[in-house]
Amino acid sequence: NVQKSIQDQLALHGMRLLTHNMLINPRKGMEGAYPLKLFPTKVTKEEVKFNPAFVVNLIPKIDYKALLYAASCVGIKNLPAQLPQKIGAIEHEDLLRTLHHALLEVHVEEGKLVCPKSDREFTIKQGIPNMRLNEDEVQ
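Each chain has its residues counted from 1, running along the sequence as written. Where totals are concerned, whole chains, interfaces and linings use all residues; where local detail is concerned, this predicted model gives features only for residues with pLDDT of at least 70, and gives and counts side-chain atom pairs only at 80 or more. Hydrogens and waters are ignored; side-chain quantities use all the structure's heavy atoms.

Peer 1: So what's going on with the overall build of the protein? Residues and values would help.
Peer 2: A run of H or I in DSSP counts as a helix once it spans at least four residues, and a run of E counts as a strand once it spans at least two, with each numbered from the N terminus. When helices and strands are counted, the protein shows five helices and five strands. Seen in sequence order, the protein has helices and strands lined up from the N terminus as α-β-α-β-α-α-α-β-β-β. Expressed as a percentage of its 139 residues, the buried residues of the protein come to 37%. Any two residues whose heavy atoms approach within 4.5 Å are treated as being in contact. Within the protein, residue pairs in contact and separated by at least 24 positions form 70% of the contacts whose partners lie at least 6 positions apart. Computed with the Shrake-Rupley method and a 1.4 Å probe, the accessible areas treat only the protein chains shown as cover for residues. Surface accessibility of the protein: about 8700 Å² in total, with carbon and sulfur atoms responsible for 52%. When a residue's accessible area, from a 1.4 Å probe over protein chains only, is under 20% of the maximum for its type it is buried; when over 50% it is exposed; and in between it is partly exposed.

Now the structure itself:
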């Protein structure tokens, strides 16, 4: 069954913490309600080839405090409280490997995201966060 095969493949690739770092409540009036609270019930890890230059380029695009929060929700405790001002691929390889693991190799398969402002829940099923609003929420 083709649909079952696609679902099986999607299940192997859950929501990364990088994705969590970018998600917001799409409802109007929820600006500033960030980051979404993360309540994972199933977390997996999948090795991804390490590319230090890619991770260095990701760093300015992420909210590091939100990453620290999400990492703690999935049991990652070895990220530093603050990043160095300038990060180099060679001199900070251990840090980049840790960030690579947290951002790209940890997958939230099941759980929920909760808006810190409205307490609205968004389920995560088979690694996909359902960010759709209900009809009464769209105005």
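Peer 1: Lay out the environment of A66 in plain terms, naming residues and giving numbers.
Peer 2: Positionally, A66 belongs in helix α4 (residues 64–73). On the basis of relative accessibility, which here comes to 3%, the residue A66 falls in the buried class. The spacing of A66 and Y34 is 32 residues in sequence and 8.1 Å in space, taken between C-alpha atoms. Residues contacting A66, with those up to four places away along its chain left out, are H20, N21, Y34 and P35.

Peer 1: Go over the packing of aromatic side chains, please, and point to the residues and values.
Peer 2: Pairing of aromatic side chains here covers Phe, Tyr and the six-membered ring of Trp, requires ring centres within 6.5 Å, and sorts the geometry by plane angle: under 30 degrees stacked, over 60 edge-to-face, intermediate tilted. As enumerated under the stated definition, the model contains zero aromatic pairs in all. Over the aromatic face of F39 sits the side chain of K112, whose NZ or CZ is 5.6 Å from the ring centroid. A positively charged side chain is recorded as over a ring if its NZ (Lys) or CZ (Arg) lies within 6 Å of the ring centre. The angle to the ring normal must also be within 35 degrees.

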